[in-house]
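Observations on the three-dimensional arrangement
Read off the chains here:
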Amino acid sequence: MSVTIKDIASRTGVSMATVSRVINNSGYVSSEKRKLVEEAIAEFNFVPSAMAKGLSRQNSNMVGALIPEIDNPFFSGVIHGITEVCDKKNLNLILCSTNESPEREQRFVRALREQRICGLIVASSVEEAYQNTDYAEIFQNMDCPVVLIDRNILWSDLDGVFTEDAGAMTELVSCLLNEGHRHIEYLAGSLNAGSGKKRLQGFYQAFSDHGVPCQESWIHPSPYSSTEGYRIVQEILSGPRAQWPSAIVTSNNRLSMGALKSLSEHQLQIPDDIAFGGYDQLEIMEFLSGNLTLLEKDNAEIGRLAMQMLYERMNETAASHRRSVIVHPHLVIRGSEKFPKNREQQA
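All of these numbers come straight from a predicted model, not from anything done at the bench. (Residues numbered from 1 in each chain as written. Predicted model: local features only at pLDDT ≥ 70, side-chain atom pairs only at ≥ 80, totals over all residues. Heavy atoms only, no water.)

1. Considerations on the sheet that holds strand β12 (residues 330-332)
- One open sheet accounts for 6 strands, arranged β7-β6-β8-β9-β10-β12; its pairing is mixed. Edge positions in the sheet fall to β7 (219-221) and β12, since each of these pairs with one other strand and no more. Adjacent strand axes in the sheet meet at a mean angle of 15° when their direction is disregarded.
- Pairing geometry for strand β6 (residues 184-189) and β7, over 3 bridges, is parallel. Counterpart to G189 in the pairing with β7 is P221.
- Sheet contacts for helix α10 (residues 226-236): β6, β7 and β8 (247-250); angle to β6, the most-contacted strand, approximately 155°. (Pairing = 2+ DSSP bridges. Helix = DSSP H or I, 4+ residues; strand = E, 2+ residues; numbered from the N terminus. Axes fitted to C-alpha atoms, helices over the stretch in contact; angles between N-to-C directions. Contact = heavy atoms within 4.5 Å.)

2. Brief notes about helix α11 (residues 253-265)
- Between its terminal C-alpha atoms α11 stretches 19 Å, which fits the 18 Å expected from 13 residues at 1.5 Å a residue.
- The first or second residue beyond α11 is Q267, which carries a positive phi of 55°. (Expected span 1.5 Å × (residues − 1).)

3. Regarding the layout of surface pockets
- Approximately 680 Å³ is the volume attributed to the largest pocket.
- Lining of the largest pocket is provided by 34 residues; of these, D150, R151, A193, S195 and Y224 occupy positions nearest its centre.
- Contributions of two or more residues to the lining of the largest pocket are made by α5 (73-88), β5 (159-163), α8 (165-178), α9 (194-210) and β11 (324-327).
- For the lining of the largest pocket, a count of residues per class yields 10 nonpolar, 12 polar and 12 charged. (1 Å grid on protein atoms, 1.4 Å probe; cavity = no way out; pocket = protein on both sides within 12 Å on 5 of 7 lines; lining within 4 Å. Points joined across faces, edges and corners; volume = space filled by probe spheres on them. Nonpolar A, V, L, I, M, F, W, Y, C, P; charged D, E, K, R; others polar.)

4. Here we look at the packing of aromatic side chains
- For the coordinates displayed, the defined rule picks out 6 aromatic pairs.
- Between F74 and F75 the ring centres are 4.8 Å apart and the planes differ by 65°, which places this aromatic pair in the edge-to-face class. Each member of the pair, F74 as well as F75, is classed as buried.
- When the centroid spacing of 6.4 Å and the interplanar angle of 75° are considered together, the rings of F203 and Y204 count as edge-to-face.
- Classification of F203 by relative accessible area gives buried; the value is 0%.
- A cation over a ring is seen here: R107 above F108, with NZ or CZ 5.8 Å from the ring centre.
- Against the face of Y279 rests R199, its NZ or CZ located 3.7 Å from the ring centre. (Phe/Tyr/Trp six-rings, centres within 6.5 Å; stacked < 30°, edge-to-face > 60°. Buried < 20%, exposed > 50% of the residue type's maximum accessible area, 1.4 Å probe, protein only. Lys NZ or Arg CZ within 6 Å of the ring centre and 35° of its normal.)

What follows is the structure, given as structure tokens:
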């Protein structure tokens, strides 16, 4: 009985697509899996058929992307950058929106495996606090290279493009402290997420650097949503005006939108009545208030960097060690950081 590509896959514990990539010497296969397959081929004296050789070519120009929120301006910008590189490289993109659902994410992973994609870009839907080695192995053991965007996967050695969160937040809050602010309330987002933790560290670091005390009650963790941003600022402004902060800082664009809505409903002017600083740009902010001081980054460039990194892995032109690119947001000062004219400045 002749040996088939399925027999080789069963013997080595890898997929048929991986065996086919080794046979055709195309696409990405880890050195460990390649060695297993080559040893099995030699042991069985396996001679691949033309059909087996063609297996890896089917859908070989397809890459997948798992994105948590396609309607989030950050991720829509990232997608734009990914598609730019895909178009140049004649690759087709299968875009999957997980809606921050780990269950949807795993369903899409299974579907993409069946499509025999040649590469995968992932912005994880599982916050770092809930990750474990089993989760990391799902992506570590994919039969194609995987590149992470924005969100790390612990216990993995996958390539990725990330943002310098802590230092950027320190720069923003330092800007406010230099303007004389001493009471700054922070919409921190999720502290189960790696980025949320780092941005909070940066917030505290700015106070420490300036020798200014920071009260824990000024920190407001929450899910990243405009609804939460609105709710938190409504609560802050429900107290006596004398106890209001002189500035509000948000840790992402969703929270910024909700915070700005609340400030508008209270007819508070930025920065005359209250100062504001936010993380991430949002186009609609230009229509709500054109003077917002924000930490901004080129979201499309993040997508381009990730897709180029993936393409190099797919073609085995990248270094063997893990590659991590850190994108540094830049602080755009537009005036909203100023100490309010209608408030008494603290010493």
